[in-house]
Amino acid sequence: MIDLRVKVDPPPLDHPTVVRLRETFDGLPGPHDALLIDRADDRREYDFCGFSLVVYGDAGMPLDNDVLLLAPGQRSAARIIRASSAHNTLLITEQCDQLCVMCSQPPKKHHVDMFAQLETAASLAPAGAYIGISGGEPLLHKQALFSMLENLAADRPDLRFHILSNGQHFEPDDVDRLVAIGPERILWGIPLYSPDPSNHDAIVGKVGAYHRLMRSMVLLMRSGAAVELRTVVLRQNWQELPALAEQIATRLPFIDRWAIMHLENIGYGRMNWHLSFKDTSSDFGMLGRAIDIATARDTTVTLYNFPLCSLPAAYRVLAPRTISDWKNKHEVFCDGCSAQSDCGGFFQWYDHKNGFSRLGAL
């Protein structure tokens, strides 16, 4: 498992500070650059604004151009941007106004405003970086989020973002701002779990969420936004998946893709695992029908978090590697599998004793 924090001996700080580690550098350093001056075994020392910053990590750990967040009094730092990885996500908030039965990161009441630091970190990302933005619900802090995106669109037009939102907070006044930021810069990941409003509301734990989501979808369409509609496969919506496919194809044809996702065994997903997990390796029927309906209507379908061996052969082409590198693993029976290099494998916290029943090396 990749470590998202590193041990540090920090310089004297009185406020959270964003630092970019530079191991090779020509020219003048920027105000956030720390330049490597010494390296031995697991210890790397950097010069940051005339102060010593020591970072500890395995000798093989790639840190060049990583962006760290240092906090006063803390002996570890968050790796906000890992320059060698395609899986970087900015956690905007842990607050949320829904209580989804499968939530992998249950919400918290309090918010710590780190927008200034996160904007700086994103501005230091490698050229052409594709950065996730998540929560909680990021749009609970919509004005700050939009301001950050506007600034980054001006300063770093090469950046692209994948923003996960429950779609409950878009208003007509947002359309012009979304257009100004640039629809081509953002893919909005928006959840829809059921064609039945009452069932969708029950899954997300919020009365009226379905109808509010549909209002937001109209606004996203008007802004020309790119939308990834996301559906987690659950026992609670299993029988409805074909009807949901019909609804998406007929009422939401403007979406970029329909991402059908498997359950993650952590947070509320772990707490409700035995109530919600559907073993699609032994029963693919409703899911197969839903995919066939959607693709027949020219809706692009992708399967997230599905090990390739859990899928019928004809559907494996729809399942890219989607589990982030820092929380990804393969099981013992994956050794020797001919498809391992193309397979996303499993979440680190996947428990095979309570998971898929029909898996094996291909």
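Everything discussed here concerns the structure shown above.
Residues numbered from 1 in each chain as written. Predicted model: local features only at pLDDT ≥ 70, side-chain atom pairs only at ≥ 80, totals over all residues. Heavy atoms only, no water.

Chemist: Can you break down the overall build of the protein residue by residue, with the values?
Modeler: Helix and strand content of the protein: nine helices and 16 strands. Here the protein has a C-alpha radius of gyration of 22 Å; the compact-globule value for 362 residues is 21 Å, and the two agree. With the principal axes as the frame, the protein shows a C-alpha extent of 65 × 55 × 35 Å. Considering the protein as a whole, with its 362 residues, one finds that 52% of them fall into the buried category. Within the protein, counting contacts between residues at least 6 apart in sequence, those at least 24 apart form 69% of the total. Taken as a whole, the protein presents about 16,200 Å² of accessible surface, with 52% of it coming from carbon and sulfur. Put simply, the protein has 35 plus and 43 minus side-chain charges, and the middle of one group is 5 Å from the middle of the other. (Helix = DSSP H or I, 4+ residues; strand = E, 2+ residues; numbered from the N terminus. Rg over C-alpha atoms; globule rule 2.2 N^0.38 Å. Buried < 20%, exposed > 50% of the residue type's maximum accessible area, 1.4 Å probe, protein only. Contact = heavy atoms within 4.5 Å. Areas by Shrake-Rupley, 256 points an atom, 1.4 Å probe, with all protein chains shown as cover. Lys, Arg positive; Asp, Glu negative; His and termini not counted. Charge placed at Lys NZ, Arg CZ, Asp CG, Glu CD.)

Chemist: Describe helix 3 (residues 174-181), and please don't skip the residues or the numbers.
Modeler: Of all the residues in helix 3, the buried ones are Asp-174, Val-175, Leu-178 and Ile-181. In an axial view of helix 3, the angular spread of the buried residues amounts to 130°, which keeps them on one side of the axis. Seen from the buried face of helix 3, the exposed residues on the opposite side, beyond 90 degrees, are Asp-176 and Ala-180. As for helix 3, its buried residues are in contact with helix 2 (142-155), strand 11 (186-191) and helix 5 (209-223). Positive phi shows up at Gly-182, right after helix 3, with a value of about 110°. (Arc of directions from axis to C-beta.)

Chemist: Break down the packing of aromatic side chains for me, with residues and values.
Modeler: Applying the stated criterion across every chain yields a total of nine aromatic pairs. With 6.5 Å between their ring centres and 10° between their planes, Phe-347 and Trp-349 make a pair best called stacked. Like Trp-349, Phe-347 is buried. An angle of 35° between the planes, with centres 6.0 Å apart, marks the rings of Tyr-350 and Phe-356 as tilted. Here the two residues Tyr-350 and Phe-356 agree in accessibility, since each one is buried. Against the face of Tyr-56 rests Lys-7, its NZ or CZ located 4.9 Å from the ring centre. (Phe/Tyr/Trp six-rings, centres within 6.5 Å; stacked < 30°, edge-to-face > 60°. Lys NZ or Arg CZ within 6 Å of the ring centre and 35° of its normal.)

Chemist: Explain the packing of helix 6 (residues 241-251) against helix 9 (residues 285-296) to me, using residue names and the numbers behind them.
Modeler: Running from N to C, helix 6 and helix 9 cross one another at 15°; their axes reach a closest spacing of 8 Å. Looking at the two axes, helix 6 sits roughly parallel to helix 9. For the pair helix 6 and helix 9, the crossing hand works out as right-handed. In this structure, helix 6 contributes Leu-241, Pro-242, Ala-245 and Glu-246 to the contact, and helix 9 contributes Met-286, Leu-287, Arg-289, Ala-290, Ile-293 and Ala-294. Of the residues belonging to the contact of helix 6 with helix 9, the class tally is eight nonpolar, no polar and two charged. (Axes fitted to C-alpha atoms, helices over the stretch in contact; angles between N-to-C directions. Parallel < 35°, antiparallel > 145°, perpendicular 65-115°, else oblique. Left-handed = near helix turned anticlockwise from the far one by under 90°. Nonpolar A, V, L, I, M, F, W, Y, C, P; charged D, E, K, R; others polar.)

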